[in-house]
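The lines below spell out each chain.
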Amino acid sequence: MRSGIPSINLPAQPEKPVPDTSTSAEGLQAVLDNLDALVYVSDFETHELLYMNAYGRRIWGSIDGRKCWQALQDSDGPCSFCTNDLLVADDGTANAPHVWEFQNQLDQRWYQCRDQAIQWTDGRLARLEIATDITERKNMELALHEAHERARAAAFEDELTRLRNRRAFFEFGNQLLSRALRQQSPMALIMMDLDHFKQVNDTHGHEAGDEVLRKVSSTLGENIRDYDILARMGGEEFALLLPETTEQEALDTAHRLLSALTSLTVGYRGCAIQISASFGITSLGRQDQRLEDLLHRADRALYRSKELGRCQVNLDAPL
Ligand SMILES: Nc1nc2c(ncn2[C@@H]2O[C@H](COP(=O)(O)OP(=O)(O)OP(=O)(O)O)[C@@H](O)[C@H]2O)c(=O)[nH]1
């Protein structure tokens, strides 16, 4: 029966004997020198290079009596990250191969290294390393990691002002609250809302309003401590959580911030925009368990500031 595969007739070739190099030194040399990976052997104690295949010699040059740290890393002594200690057990027997990833200092490429202790041809203990270039994969991993970190940071950042956003306020605020409760240390919260901000938008336009929000944010940021949590909670409302801060210190801070904001002039397309803000303050009370307890009181104090004519600071103390 005919199969569906067309057959071709090749002219008869005279049979040539193929030399069996599969186990000869020549054959092994050909394999090692065509390998797409670095293979080297060095003396376990002196670090002198005993062998390096063509892949390695192309990148790091010939062995020439050099030590592995001279040829491969161009360093002044044995590498601080040398893995030799991991390759031999306390009783002198060889451990399982140690596999790790590492960026070479000379060519800056990433390698996955597979290290093991072996007995060299003259009987001495040696280190065998086989290293494959994983730079492309590593760069992709690093790019992914960076993108992930950026996305994470963006999820906690207010896009317009670069301050922390509401989500970040609760995330970090709850951590600070837990610590304050545990250590029974003082803490205060200031809520702040710009006055008649709608008029800024209506008079100068939304972009001018955005510029005011940015300038207000940087002014607030310049007037607080590194460990205070400042966040834009939405619109023209800001929250400032002050760890290790008493009620009186929070009052002083709020007055200082109010003064900084009322002295601020925001320039926008030839216009000088002046602003003011209302503040509400509270401090951590004995019965408080949640951030919302403080937010509720600070909001009430802020509302009072608005009701009493704006551009002022009011306090709602805990029971
Ligand atoms: N430019 C700009 N405006 C915003 C943004 N978010 C909220 N707003 C505006 O902020 C204004 C808030 O107005 P209101 O809630 O009436 O408050 P207000 O005018 O500040 O009045 P009081 O708070 O009572 O003093 C509105 O006009 C919103 O459109 C923003 O990201 N950019």
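Treat the numbers as computed from the prediction; the structure is a model and nothing was measured.

Attention now moves to the site of the ligand. The ligand sits among 16 residues. The nearest are D195, F197, K198, G209 and G235. Put simply, the parts of the chain that give the shell around the ligand at least two residues each are β6 (187-194), α7 (197-204) and α8 (206-222).

Attention shifts here to unusual backbone geometry. Positive phi, close to 55°, is recorded for D74, a residue that is not glycine. Take D74: it is sitting in the loop between α3 (68-73) and α4 (84-87). One non-glycine residue with positive phi stands out, namely R310, at about 70°. Examined against the element boundaries, R310 turns out to sit in the loop between α10 (291-307) and β12 (313-315).

Of the pairings in the sheet, the one linking strand β3 (residues 98-103) to strand β4 (residues 110-119) comprises six bridges and is antiparallel in character. Its bridge partner lying in β4, E101 is registered against Q112. Between β3 and β4, which pair antiparallel one after the other, the connecting turn spans six residues, and Q108 there sits at a positive phi close to 60°. Examined bridge by bridge, β4 and strand β5 (residues 125-133) share nine bridges and lie antiparallel to one another. Along β5, the bridge assignment pairs Q112 with T132.

Criteria and cut-off values
Residues numbered from 1 in each chain as written. Predicted model: local features only at pLDDT ≥ 70, side-chain atom pairs only at ≥ 80, totals over all residues. Near = placed C-beta within 6 Å. Helix = DSSP H or I, 4+ residues; strand = E, 2+ residues; numbered from the N terminus. Pairing = 2+ DSSP bridges.

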